[in-house]
Amino acid sequence: MRVAWLTLVAALASAPMASSQSFEDAVRANVALAVTLCTNGMMSGSSASSLFGSSGFAYRAIDRGTNDHGVALGVDHFFDAPAETAKAEVMAADGPMGLCKVLTRHLGEDAVRQIVSNALWPEYAGAELRGPNEWIVRGAAELPLIITLRTIADNHRYEAPGTVEVSMAFPG
């Protein structure tokens, strides 16, 4: 059932925007797809490349260079939805994701909170809501998956103020 649902969501999100689909509808569909892919990838250990690449997201890597001491700062891995509607950031593009974030500048927290809830409940009925912006998913992985929602403030160095972020990580 999970594969059928993911296939349907992927087909809807990666299909060309019909004239009747608004930009907001596209944003909602792509955020929902990214949340679902992140959650399922985190719980299953699947690679981001295999999930996002087959769902219409474009891979983009950003080398952060080196610091003043010559230490490599690493590479950021992003999967961008069409028309800059949403993006996902992962620690590793190939292999287990380690951490997955879904970001959008086009919806507020309330809309994204509803999308996250709608994405979680059908697949992970045992998900627990811990306050208005935190969910815990247990059972499908060794550790519980912690999902948090926040709006980025003015002092973030990589994302525009007002961007809504859904972050998924295991404790520890």
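Given the structure is predicted, the values throughout are model-derived calculations rather than measurements.

Trainee: Help me understand the state of the cysteines in this model?
Mentor: Simply put, disulfide is the name for a covalent bond between the sulfur atoms of two cysteines. Under the criterion given, the structure shown has one disulfide. One disulfide in the model links Cys38 with Cys100; its S-S distance is 1.8 Å. Disulfide Cys38-Cys100: torsion about the S-S bond near -40 degrees, hence left-handed. With a gap of 62 residues between them, Cys38 in helix H2 (residues 23-44) and Cys100 in strand S4 (residues 100-104) connect regions that are remote in the sequence. Pair check on accessibility: Cys38 and Cys100 agree, each one buried.

Trainee: Please clarify how the environment of Ala127 should be interpreted in this entry.
Mentor: Tracing the chain through its elements places Ala127 in the loop between helix H4 (109-123) and strand S5 (128-129). According to the relative accessible area criterion, Ala127 is buried, its value standing at 11%. Sequence-distant contacts of Ala127, defined by excluding residues within four places in its chain, comprise Trp121, Ile136 and Val137.

Trainee: I would appreciate a short explanation of the confidence of the model for the protein in the present structure.
Mentor: Regions with low pLDDT should not have their predicted coordinates read in detail. Per-chain confidence: the protein averages 87 in pLDDT, with 87% of residues scoring 70 or above. Confidence drops under a pLDDT of 50 for residues 1-14, and excluding neighbours within four residues, the segment shows 15 contacts in the predicted structure.

Rules used throughout
- Residues numbered from 1 in each chain as written.
- Predicted model: local features only at pLDDT ≥ 70, side-chain atom pairs only at ≥ 80, totals over all residues.
- Heavy atoms only, no water.
- Disulfide = S-S within 2.5 Å.
- Helix = DSSP H or I, 4+ residues; strand = E, 2+ residues; numbered from the N terminus.
- Buried < 20%, exposed > 50% of the residue type's maximum accessible area, 1.4 Å probe, protein only.
- Contact = heavy atoms within 4.5 Å.
- pLDDT = per-residue confidence, 0-100.

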